[in-house]
Every structure is written in C-alpha cells, then in structure tokens.
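Fold and geometry: a report
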Amino acid sequence: HLKRGKMEVDSVKEVFQRSEEMHNVKYAQYIGDGDSKTFKAILDLDPYNNDPKVMKKECVVFLKSFFFQICDNEILGRHLRATRDIKPGEIILQEPPLIWGPSQMTVPVCLGCGKAVNEKNSKPCFKCGWPVCNETCAKAPAHIPECRYTVSRGERQFLSEVWKKIDNLQSHCEERRGTQKYEQDRVTIAKFILKFFKLANVFTEEEILRVCGIVMAITLKTSKKYDLDVALLVVLEDEESEKILQETVHLIFLRKELIRAHTRYISDCNGYLLPKTFIENNNNEKGPDWDCNKCEKVVSAYTVQDLLERIGRDLSELPKGVSKDCKEFIETYERYLHRNHYYLTDVKLALSQIIGQEFDGGLPAASDDDLELKARLCQGLANLIKILTPGEKRARGLLLFELHAAVSEIGRRRGDLDTLLDAKNILTEASDLLKFEPDCIAEGQIYRQCQANLKQLDFLLTTMHNTLGVSPL
C-alpha cells in the first residue's frame, strides 16, 4: 500500500499507464485504503478510455489493521476518525517521533541525548561546537543532521523523507500572523537562523516561521529522554463519540482561554461578567465590554484588565510553599474571580501539594481542617481537568493520588471503613491513569507507589474486617 503524497499518486498513475505496454493487461480494479486522492487521479487519467472503467475496492484487511482514518473538513479541520469501537487504554498508534529536540525555552541540553548540561559536565562537539555530554553523544544519530548542517552553513540541505512529511502538515500561520509570539519568533528564530546558518539567500523568514508553526502544532513534550516511541492511546470513555482526535492542542488552549477570561465581580445577583467574544483584537482597539449574565451590569474591558493585572501582581509576589498565604489569596479573590479562574486554579493546585509537605510529619501531622481542604481541592481540580482536557491522564492521576492520601488519613483517624474503601477506589483509578507511564519519569514512579499503597490499604481493610467483623468488600 502506498502512502499519501503527490509522488505516490504519480507512481500509481504510471503503473496504470504502462500496464498494456509492459504486461499486455488492463487493471480493472484499484485496491485502496479509504483515501480518495489516488483513485480520483486514476479516474481523471482514464488510462483505458473507459474500457474498462477502473473500479475501486476497499482493502478490508488494511482497514481492519488500523483503528482510525485521517479526515478533513471545514468544521473540524484535519482529524482522526475511529473505524471501529476502541476501548479506553488501547494503543492505536506507536512510532518514533518525526523530529525531536529541546524545548524553545530550556536550560542548555546535550544535543545527542537531551540531558541537561553545564560547563562542567559537557564539551563542545568536535565537529560543530554544539554542547554534548561526550564523544558518544557527538556521534549520536539524532545529532548528526544538525552537526552536518552547522559545519556546512550556507548550503541548502534537507532530510528529504522527513521534509516531505513535515511539508504536508498545517502551520496555522494565518491565525498566528500579527500576534506578539509570531513577531518574537521572527526575531529570535527566523532572523537568527538566516544569519547564523548563512541562509539569507536560501530561505525567507516566512518559510522558517511556517516550519515553526508546524512544529508548535504537533509538538509533544516529554520530561526525560527523546529515544522513546510516540504512542497514541484512547483515553476517553464516551462511547458515543466517533472522533478520537481533532486538533487536540487547539481545543485545549481554547478551553483554557475561556477559563482565563472568566471573571466575577461582587454584585447582588452573583452573576458572571463575560465579554461577548473571546477573539483577540490585534488592531490595538478597545476590547468589548463585559456583561453580567444575570443582570444588566456592564464593566469596561479596561476595568477588567486592570483588576486582572493587580491580582496577577499579588500572585507573583505570593511566597512559595506557605499554605497560610495561599489560603488568604483564595479567600480574598474568590469574591472577584470565578472559582475556576486560572489564577485561583494555580494557587489551589499549589496548596493541594503544600498541605502535608509544609511541616515535618507529613499528612499525619496535618490538622483535620487541612485534610478536608486538601481533599476538596484535589477532587475539584481533578474534576476540572477531566472537563478541560479529558485526555490528560498524568495530571489527573497525580491529583487523585494526592486525594487518596488525604482520604486515607481521614479514614484512618475516624476508623471509618467506608472512607478507606473510598480511598482504595480513588487510588485504583489513579493507578489506572498512570499505568502506561515509563519508570524513568516521576509519573511512572508514582504508579509504582500506587501499587505499594494498594497493598497497604488491602492489609488495613483486612485487619479492620477481622477486628470489626465487617466485610471490606
């Protein structure tokens, strides 16, 4: 089966054109995988003058081997559509990353393995001068292309197979053009590349910015090494949804922007102030006024922006790791902001981690009120993440792990079997969310801790059952 792309389409057309000359046969059927581009090209070519008319036959074996097909329409854009029922947790795609590299904002890293480096634990590559751990990393396959490109600055070079795949992806430059980030990338990336690699006569700034857009749209972040395969798992449990992935990053950011803009003022009606549109205006014009959803109150965009800036300054000055200050911030600004506003969400997330770690003794030394607060915060944040980013398993798994710790301690203090069973169920869910995480990252280590804690909870529940004579199941 041939892959998508103009070269593949041309190759198939050539096969049909030469069939009579080379083999004295006519191909009456084209076996395809659901993609209509190649078959349409054959029909347009009409190699046998409609005698016979080439018919298309779907390759059932090919289709059954895949969980999805690539689709495109005006509403959803490019997206994947499931071709059969898929269970949560199934791996539907696994392959090496097309490209990899350090994040745009990062500490210095080795360009052979991706580990953080400094002057003491690194050395310049003996060919190109970029930082590497050692000679092995200098010869690593991942580093060779950029090494060669740096040494041969000024020449037009391509990794042809990689470039063909990247060139077919969407850059979203039209949506990005004119934004502050776009102009920053022009200076810090495009102009730098043209000057440093001596490519002013080879590429334009817009061509480089287009690749920047493509990379930003498809990038997945990893916290450790870069030699792992990229795996796409089904994580949603909505059986009615047939779309398993559709511009996921864009939708996630859109939802987060809605929460960021959600602001509430003190008023008798307890309504929420929202603008009529969240689309940014790039013409430096005054933004739309904010209207209450319950009464006729209207507040100007300048007033809202001023309030958010003042709250943002207070947040930036908030001492790190102090629960008392976090509690005061939340209490003060819950009167002005929606409970899920990103300022409050940031502080609630920090507070949920601080409780149990601020003082010696851990959670057993925390007060009853703090335990209850930690449980409420973790549950609320986990619910919020499930709504905003239903595919985000790591963050929700970690929050549920913290939640189980608080609920377990509450149940232990009360000697409450039902509460301990709730803790076990929460921990089981956290374990299920983190079970695919590799051991080399923190989430994978938390998964192993989940397994150990489940055994401890089972032992505690069994002990209570034997003591109280109540079934723990």
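Now for a look at the structure at hand.

The rules behind these values
- Numbering of residues begins from 1 in every chain and follows the order in which that chain's sequence is written.
- Selection of residues for local features in this predicted model requires a pLDDT of at least 70, selection of side-chain atom pairs for listing and counting requires 80 or more, and totals for whole chains, interfaces and linings are taken over all residues.
- Think of the side-chain values as coming from all heavy atoms in the structure, minus any hydrogens and water.
- The secondary structure listing takes helices from DSSP runs of H or I that are at least 4 residues long and strands from runs of E that are at least 2 residues long, numbered from the N terminus.
- Exposure classes here rest on a 1.4 Å probe applied to the protein chains alone. A residue is buried below 20% of its type maximum, exposed above 50%, and partly exposed in between.
- In what follows, residue pairs with any heavy atoms lying within 4.5 Å of each other are defined as contacts.
- Surface accessibility follows the Shrake-Rupley procedure with a 1.4 Å probe radius. Residue values consider only the protein chains on display as shielding.
- Salt bridge, as used here, is a side-chain nitrogen of Lys or Arg placed within 4 Å of a carboxyl oxygen of Asp or Glu.
- In this description, strands pair whenever DSSP reports at least two bridges between them.
- Stacked, tilted and edge-to-face pairs are distinguished by plane angle, under 30 degrees for stacked and over 60 for edge-to-face with tilted covering the rest, among Phe, Tyr and Trp rings (Trp via its six-membered ring) whose centres lie within 6.5 Å.
- By definition here, charges over rings are those cases where NZ of Lys or CZ of Arg is within 6 Å of the ring centre and within 35 degrees of the ring normal.
- Buried Ala, Val, Leu, Ile, Met, Phe, Trp, Tyr and Cys residues that are joined via side-chain atoms within 4.5 Å together make up what is termed a nonpolar core.

Within the protein chain, the regular secondary structure consists of 18 helices and 12 strands. Counting across all 473 residues of the protein chain, residues that qualify as buried make up 33%. The long-range share in the protein chain, meaning contacts at least 24 apart out of those at least 6 apart in sequence, stands at 57%. When the accessible surface of the protein chain is split by element, carbon and sulfur atoms take 53% of a total near 30,000 Å².

Counting across every chain of the model gives 25 salt bridges. Put simply, Asp 167 and Arg 210 hold a salt bridge, and the shortest N to O gap is 3.0 Å. Of this pair, Asp 167 sits in helix 7 (residues 160-167) while Arg 210 sits in helix 10 (residues 205-218), and the two are 43 residues apart along the sequence. Residue class for Asp 167 comes out partly exposed when judged on its relative accessible area of 33%. Between Glu 205 and Arg 186 there is a salt bridge, with its nearest N and O atoms 2.8 Å apart. With a gap of 19 residues between them, Glu 205 in helix 10 and Arg 186 in helix 9 (residues 180-196) connect regions that are remote in the sequence. One connected set of salt bridges, linked through shared partners, spans Glu 174, Arg 177, Glu 183, Arg 186, Lys 191, Glu 205 and Glu 206.

On to the sheet that holds strand 11 (residues 290-292), then. What the 3 strands build is an open sheet, ordered 10-11-12; its pairing is antiparallel. A strand with exactly one partner marks an edge of an open sheet, and here the two such strands are strand 10 (273-275) and strand 12 (298-299). In this structure, strand 10 lies alongside strand 11, joined through 3 bridges in antiparallel fashion. When the bridges of strand 11 are listed, Pro 275 appears paired with Trp 290.

Now for the packing of aromatic side chains. This model, assessed by the stated rule, comprises 9 aromatic pairs. On the basis of an interplanar angle of 50° and a centroid distance of 6.3 Å, the ring pair of Tyr 333 and Tyr 336 is categorised as tilted. Residue Tyr 333 is classed as buried on the basis of its relative accessible area, which comes to 14%. Three or more aromatic residues joined by ring pairs make a cluster, and in this case those are Trp 130, Tyr 149, Phe 192, Phe 196 and Phe 197. Taking the ring centre of Phe 196 as reference, the NZ or CZ of Arg 153 above it sits at 4.7 Å.

The biggest cluster of nonpolar side chains holds 27 residues, and the ones touching the most others in it are Leu 371, Leu 400, Leu 403 and Leu 427. Contributions of two or more residues to this core are made by helix 15 (368-388), helix 16 (393-414), helix 17 (417-434) and helix 18 (442-468). In this structure Leu 371 touches Leu 363, Ala 366, Ala 406, Glu 409, Ile 410 and Arg 413, once residues within four positions along its chain are discounted. Formed by 24 residues, the second largest nonpolar core is a distinct cluster that contains Leu 273, Cys 292, Ile 330 and Leu 377.

Time to look at the side chain of Arg 176. Its place among the elements puts Arg 176 in helix 8 (residues 173-176). Among residues more than four places away in sequence, those in contact with Arg 176 are Ser 171, Tyr 182, Asp 185, Leu 209, Cys 212, Gly 213 and Met 216.

Interpretation in functional terms is not warranted from these geometric data alone.
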